[in-house]
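Given next are the chains, with one letter for each unit.
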Amino acid sequence: MRLYLASTSPARRALLAQTGIEPVLVAPGVDEDAAVAAASAALGRDLTGPELVGLLAVAKADAVADARIAGSPVDGFVFGGDSAFEVDGVLYGKPHDPEVARERWRQMLAAGGGTLWSGHCVVDRRLDRGPDAALDSTTDRTGGAGRAGTVPPVRQVDPSGGGALGVAGHLGDVEPGGSTLVAAGDHVVAVDSAVLTFADDMDSEEIDAYVATGEPLEVAGAFTIDGRAAAYITRIDGAPSAVVGLSLPVLRSMLLRGFGVAWHDLWSL
């Protein structure tokens, strides 16, 4: 069974590969700034962290789901993801500029940490899927004991009732460190989060040295847990893979609870 990754992120591809899944990488070509600006204008306010990453995850997945790859339609599942880091109510995307990255690090260290929001969208584009492939619209599929710290149930929602945010408009409020999943037809959308604590003895020399590597310039929040910044992060409350850019436990539950597909069905054996 094929998984299309609506991203060219080496980190997301590596996460899937290390679990035995070799995705097909497809650049979604989404104008993220324009999508966020349009949604914000329609709502008359800034988007929350869960809203922003959910909106962009859906946009990326939809862009690839409706595309033709090497002249053929998509046949399998499409995953789109997005991340943003929130510090004291301010959302940080990719800094791009070294001075912006330095200032963000100064702010993050002053706050002591922040919340990494990770948006997920899975679209079912299996050409041979049957009429019962989607989640039953009359029930919630729990799929677990509901213990604290585990992935919550998938909630069935009306795809037309999310307003300017579409399906992502049903995600609702998500507590830092928590997650939520919703399903609408052939889409399952989720947000996971992790609360990070930074070292309290990092100085300006270390900030300058890290920024000079170029690593933080093109990643959300100006850091990567799977790179040089790992030494500066002292605690993670949440799935570590969500900080990299894709919550593996949440993706597994989206496939299992949303479509009845087991994780091992996607392994490249």
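This is a predicted model, so every value here is computed, not measured.

### Observations regarding the environment of Val244
For Val244, the position within the fold is in helix 6 (residues 240-244). A C-alpha to C-alpha distance of 9.0 Å links Val244 and Ser83, two positions 161 residues apart in sequence. When residues no more than four places from it in sequence are discounted, the contact partners of Val244 are Ala11, Leu15, Ile225 and Asp226.

### Quick notes on the packing of helix 4 (residues 98-111) against helix 5 (residues 204-212)
Packing of helix 4 against helix 5 brings their axes to within 10 Å, and their N-to-C directions diverge by 140°. In terms of orientation, helix 4 and helix 5 fall into the oblique class. As for the relative orientation of helix 4 and helix 5, their crossing is right-handed in sense. Residues Pro98, Ala101, Arg102, Trp105, Arg106 and Leu109 of helix 4 pack against Ile207, Asp208, Tyr210 and Val211 of helix 5. Here the residues of the contact of helix 4 with helix 5 sort into seven nonpolar, no polar and three charged.

### With respect to unusual backbone geometry
The phi angle at Ala70 is positive, at roughly 55°, despite the residue not being glycine. Mapped onto the secondary structure, Ala70 falls in the loop between strand 3 (68-69) and strand 4 (72-73). Positive phi, close to 65°, is recorded for His96, a residue that is not glycine. In this structure, His96 sits in the loop between strand 6 (90-92) and helix 4.

### Topic: the confidence of the model for the chain
Reading predicted coordinates in detail is not appropriate for stretches of low pLDDT. Confidence along the chain averages 91 in pLDDT terms, with 93% of residues attaining 70 or more. In the predicted structure, residues 136-140 sits below a pLDDT of 50 and forms six contacts with residues beyond four places in sequence or in another chain.

### What to know about the nonpolar core
Core analysis: the biggest nonpolar cluster contains 31 residues, and Leu47, Leu52, Val78, Cys121 and Val189 have the highest contact counts within it. For this core, the secondary structure elements donating two or more residues are helix 2 (32-43), helix 3 (49-65), strand 5 (76-87), strand 7 (113-125), strand 9 (179-184) and strand 10 (187-198). Per-element accounting of this core gives the leading share, nine residues, to helix 3. Residue contacts for Leu52: discarding those within four places in its chain leaves Val36, Leu47, Asp82, Ala84 and Leu91. Judged by nonpolar contacts, the second largest core, of 24 residues, contains Leu15, Val151, Val154 and Trp263.

### Structural notes on helix 1 (residues 10-18)
When we look at burial in helix 1, the residues that qualify are Arg12, Leu15 and Leu16. Buried residues of helix 1 fall within an arc of 95° about the axis and therefore sit on the same side. Exposed residues on helix 1 whose side chains face more than 90 degrees from its buried face are Pro10 and Gln18. Where helix 1 is buried, its residues meet strand 1 (3-5), strand 5, helix 6 and helix 7 (248-259).

Reading guide: rules and limits
- Residues numbered from 1 in each chain as written.
- Predicted model: local features only at pLDDT ≥ 70, side-chain atom pairs only at ≥ 80, totals over all residues.
- Heavy atoms only, no water.
- Helix = DSSP H or I, 4+ residues; strand = E, 2+ residues; numbered from the N terminus.
- Contact = heavy atoms within 4.5 Å.
- Axes fitted to C-alpha atoms, helices over the stretch in contact; angles between N-to-C directions.
- Parallel < 35°, antiparallel > 145°, perpendicular 65-115°, else oblique.
- Left-handed = near helix turned anticlockwise from the far one by under 90°.
- Nonpolar A, V, L, I, M, F, W, Y, C, P; charged D, E, K, R; others polar.
- pLDDT = per-residue confidence, 0-100.
- Core = buried A, V, L, I, M, F, W, Y, C linked by side-chain atoms within 4.5 Å.
- Buried < 20%, exposed > 50% of the residue type's maximum accessible area, 1.4 Å probe, protein only.
- Arc of directions from axis to C-beta.

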